[in-house]
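# Secondary and tertiary structure notes
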Amino acid sequence: MNTIARLRTVCSLFIVAVIAMQASTFVTGTKVWPFMAYCMYADSYGPTPLKAAKHRVIAVTRDGEEFPLTIDVSGLRFFPLQHQFLRPMRNGDSEAGRRLGRRMNRDRDDPIIALRMESDVFTVVDGEVRETLETTTLPLDE
Amino acid sequence: MNSLVRKWNAFWFPESTGLRLAICRITVVAAQLFFFLPRSTSLHQQLAIVDRAGGEFINPQVLTRLICAVLPPGVFPTHEAILVIYTLAIVSGITTLIGLATRFSAFLFAAANCVMVAHLYSYGEKHHPEAVFCIFLMLLAFCPSGRRLSVDAIWRRRKKPDASRDQSTTQFAVWPLRLTQIILAMAYLCAGLCKLRVSGLRWMNGYTLQHHVFGDAIRWGKPLGVWLAQQHELCIVLSIAAITLEVFFFLAIVTPRIMPLILVSGVLLHVGIDLTQGATFFQLILLYVVFIDFEKRRALRDTPINETTNTAPA
């Protein structure tokens, strides 16, 4: 086998390995980034009213100071903040609140004790978008 | 068996000057360096996360776990480590772009980008746009990506001035492009099949797309999305179009004649998603460059007209 043929064999094995890694995500889902399953937006809905919300999160400290919860305060981007902490906390998971508090208060003199979630809820009714404000306070359970 | 091997080699290892690979290298690396790197893997966000997390990951990626296992405790992730990796990405990105020690630079650039993205996605989130892009960046390190349009090529020509660069060919400059095409097609196929597996044909009932679009449009402030979410019939048509494109994207590889139609549809799909849902997949659009055969186009352009057209006998 000459050098070119040997190189072709090595490349072929590499190609097969990469394709196999990507193909495995069809069965196992995402296990090893960057080989990902692309299953976003797969859920379906029926003819129910359209409803969506836009959230603002305000941090409340022990001394009563209030400020928007930015990435500099929480160390979290939108999706992990929403999915890993705020949603479980809204469903009564106090452990999520404790973990978030620990993360945010690591070197704060005036610790954050609660988050106020202000949600602009938009609903489509009779072809018209209606907006209401909902406020939820989530204690951090130190 | 021999004919199968011949077909395999003809598909993956055809002769090429490397021009096509070089154009893809420059396009993709320039976009990553000047557009995607400062945005999607924002240095400010990475540093803010490191500050607050104190080394506590949520769902660490395999690559992140590997780095933490190899390096001494307390080295990664820190401000200093993130800054070093970011600087490495910038420097190696520039050298990959100009083609200086191209393969080594491409390896460093891909590795630095992979580490940045893997780190960002070790705190409870994972997104898709960078994945195939990073695979392509890494492939550049394992092929003659600096053979053309590079400082390496200029140096080689200076060493051997008699070598004609346009006529010398290699069999190893097409497989990374083919592999990226296939990974892209598999990604689309996975997206389409997953929707059909989870929801069946119900996914195309129009209501589904209305809900997805409305939720994202409100969250990211997209007025066009709010409007689209209220157009039931249009959402049915777009749902069918999206699933069809995702499932049959692979035809762009096996039927080159309809490839332009599929790529244009893909661009429209991603631009539409960006305008209505705020989900940007520009990396995937950019990767469509791997489908364009620049060498064939140049060959056609350079061929005298009487060689490409049938002239009717007088």
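Throughout, a residue's number is its position along its own chain's written sequence, starting from 1. As a convention, the first chain written is A and the first ligand written is 1, with the rest following in written order. Local features in a predicted model are, by the rule used here, given only for residues with pLDDT of at least 70; side-chain atom pairs are given and counted only at 80 or more, and totals for whole chains, interfaces and linings are based on all residues. Side-chain metrics in this entry use all non-hydrogen atoms of the structure; hydrogen atoms and water are not considered.

Attention now goes to the overall build of chain A. Only DSSP runs of H or I with at least four residues qualify as helices, and only runs of E with at least two residues qualify as strands; both kinds are numbered from the N terminus onward. Across its full length, chain A holds 4 helices and 4 strands. Counting helices and strands in the order they occur from the N terminus, chain A gives α-β-β-α-α-α-β-β. Here the globule rule is a power law, 2.2 Å times the number of residues to the power 0.38, and the radius of gyration is based on C-alpha atoms. Taken against the 2.2 N^0.38 rule, which gives 14 Å for 142 residues, the C-alpha radius of gyration of chain A at 24 Å runs more than 25% over that of a compact globule. When the backbone C-alpha atoms are referred to their principal axes, chain A occupies close to 75 × 50 × 20 Å. Classification of the 142 residues of chain A by burial places 43% in the buried group. We call two residues in contact whenever any of their non-hydrogen atoms come within 4.5 Å of each other. Considering only contacts in chain A between residues 6 or more positions apart, those separated by 24 or more positions represent 56%. The accessible surface values rely on the Shrake-Rupley method and a 1.4 Å probe; as for residues, cover is taken only from the protein chains in view. When the accessible surface of chain A is summed, it comes to about 7700 Å², and 55% of that surface belongs to carbon and sulfur atoms. Exposure classes here rest on a 1.4 Å probe applied to the protein chains alone. A residue is buried below 20% of its type maximum, exposed above 50%, and partly exposed in between.

By definition, disulfides here are pairs of cysteine sulfur atoms that lie within 2.5 Å. By the definition in use, this model includes 1 disulfide over all chains. Each sulfur of the disulfide joining Cys 39 of chain A and Cys 194 of chain B lies 2.0 Å from the other. Judged by the sign of its S-S torsion, about 105°, the bond between Cys 39 of chain A and Cys 194 of chain B is right-handed. With Cys 39 of chain A in the loop between helix H1 (3-28) and strand S1 (51-61) and Cys 194 of chain B in helix H9 (residues 175-199), this residue pair bridges two chains. For Cys 39 of chain A, a relative accessible area of 32% corresponds to the partly exposed category. The thiol sulfur of Cys 24 of chain B is not disulfide-bonded, and the nearest other cysteine sulfur, from Cys 143 of chain B, lies at 10.0 Å. Owing to a relative accessible area of 0%, Cys 24 of chain B belongs among the buried residues under this scheme.

Quick look at the interface of chain B and chain A now. Counting residues at the interface gives 73 residues for chain B and 59 residues for chain A. Counted as salt bridges are all cases of a side-chain nitrogen of Lys or Arg within 4 Å of a carboxyl oxygen of Asp or Glu. Where chain B touches chain A, the interface holds 3 salt bridges. In this structure, the salt-bridge partner of Arg 102 of chain A is Glu 56 of chain B, at a minimum N-O distance of 3.9 Å. As used in this structure description, the phrase polar contact means that two N or O atoms lie within 3.5 Å; if the pair is within protein, one of them must be able to donate a hydrogen and the other to accept it, and residues adjacent in sequence are counted only when both atoms belong to side chains. Run the count over chain B and chain A and you get 19 residue pairs in polar contact (both at pLDDT 80 or more). Among the elements of the structure, helix H1 (2-12), helix H3 (43-53), helix H6 (102-120), helix H7 (129-139), H9 and helix H10 (207-220) of chain B are those that each provide at least two residues to the side of chain B that touches chain A.

Right, let's talk about the domain arrangement of chain A for a bit. If you check the domain split of chain A, you get domain 1 (1-44) and domain 2 (50-139). Computed from C-alpha atoms alone, the centre-to-centre distance between domain 1 of chain A and domain 2 of chain A is 39 Å. An automatic or database domain assignment is the source of the domain bounds shown.

On to the domain arrangement of chain B. Think of interface size as the accessible area that goes away when the parts come together; that is how it is often given. All names here are of chain B. Taken domain by domain, chain B comprises domain 1 (17-152) and domain 2 (174-292). Its C-alpha centre places domain 1 at a distance of 26 Å from the equivalent point of domain 2. On the side of domain 2, 20 residues touch domain 1, which itself brings 18 residues to the contact. Both sides together, the interface formed by domain 1 and domain 2 hides about 1700 Å², and carbon and sulfur atoms give 82% of it. A 1.4 Å probe defines the accessible area here, and the buried area is the portion of it lost by two parts on being joined, summed over both. Considering only the side of domain 1, the residues that lose the most area to domain 2 are Arg 20, Pro 129 and Val 132, jointly responsible for 35% of the buried surface there. At the boundary of domain 1 with domain 2, the tally comes to 0 salt bridges. Applying the counting criterion to the domain 1 and domain 2 interface returns 2 residue pairs in polar contact (both at pLDDT 80 or more). Those elements that place two or more of their residues in the side of domain 1 that touches domain 2 are helix H2 (19-40) and H7. Sorting elements by how many residues they give to the side of domain 1 that touches domain 2 places H2 first, with 8 residues.

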